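Coordinate analysis (summary)
So the chains spell out like this:
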Amino acid sequence: MKMVYIDLENLLKERGISKNKVCENCRLQRTQLNNYCQNKVSRIDLNTLAKLCEYLNCTPNDILKIRDVK
């Protein structure tokens, strides 16, 4: 079985971008961003995903990943 997960925390670390800058530029609350970073979101807001992709100059494939689940 496969599962989609959010790999935003690693992307931010790889690029050396602080969560504060992401919140400020994407107009997100820190709690909301932390939930995305900790993969605690059950329903992804497409507008939020679009803002993150635009700011990080990436595609949803860079943020959303698929892994095997037992």
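Bear in mind the structure is a predicted one, so any value in this text is a computation, not a measurement.

With that settled, consider the overall build of the protein. On a plain count of helices and strands, the protein comes out with five helices and two strands. For the protein, the α and β elements follow one another from N to C terminus as β-α-α-α-α-α-β. Compactness check: the protein gives a C-alpha radius of gyration of 12 Å against a globular reference of 11 Å for 70 residues, within 12% of the reference. Overall, the protein is about 40 × 20 × 15 Å in size when its C-alpha atoms are taken along their principal axes. Residues classed as buried in the protein amount to 30% of the 70 residues present. Residue pairs at least 24 apart in sequence account for 67% of intrachain contacts in the protein once pairs closer than 6 positions are excluded. On the protein, the mean spot of the 13 positive side-chain charges and the mean spot of the 8 negative ones are 5 Å from each other.

A contiguous nonpolar surface patch, about 300 Å² in accessible area, is contributed by M1, M3 and V69. Given the relative accessible area of 30%, V69 is considered partly exposed.

The relative placement of two packed helices is expressed as an angle between their axes plus a distance between the axes. Interhelical geometry of helix α2 (residues 19-26) versus helix α3 (residues 30-37) gives an angle of 120 degrees and a closest axis separation of 10 Å. Relative to α3, the element α2 lies oblique. Between α2 and α3 lies a crossing of right-handed hand. In this structure, α2 contributes K19, N20, V22 and C23 to the contact, and α3 contributes R30, L33, N34 and C37.

What follows deals with unusual backbone geometry. The phi angle at N39 is positive, at roughly 60 degrees, despite the residue not being glycine. Relative to the helices and strands, N39 is located in the loop between α3 and α4 (46-56). Residue classification places N39 among the partly exposed residues on the basis of a relative accessible area of 28%.

Basis of the calculations
- Residues numbered from 1 in each chain as written.
- Predicted model: local features only at pLDDT ≥ 70, side-chain atom pairs only at ≥ 80, totals over all residues.
- Heavy atoms only, no water.
- Helix = DSSP H or I, 4+ residues; strand = E, 2+ residues; numbered from the N terminus.
- Rg over C-alpha atoms; globule rule 2.2 N^0.38 Å.
- Buried < 20%, exposed > 50% of the residue type's maximum accessible area, 1.4 Å probe, protein only.
- Contact = heavy atoms within 4.5 Å.
- Lys, Arg positive; Asp, Glu negative; His and termini not counted.
- Charge placed at Lys NZ, Arg CZ, Asp CG, Glu CD.
- Patch = residues over 30% accessible without salt bridge, like charges linked within 9 Å, V, L, I, M, F, W, Y side chains within 5 Å.
- Areas by Shrake-Rupley, 256 points an atom, 1.4 Å probe, with all protein chains shown as cover.
- Salt bridge = Lys/Arg side-chain N within 4 Å of Asp/Glu carboxyl O.
- Axes fitted to C-alpha atoms, helices over the stretch in contact; angles between N-to-C directions.
- Parallel < 35°, antiparallel > 145°, perpendicular 65-115°, else oblique.
- Left-handed = near helix turned anticlockwise from the far one by under 90°.

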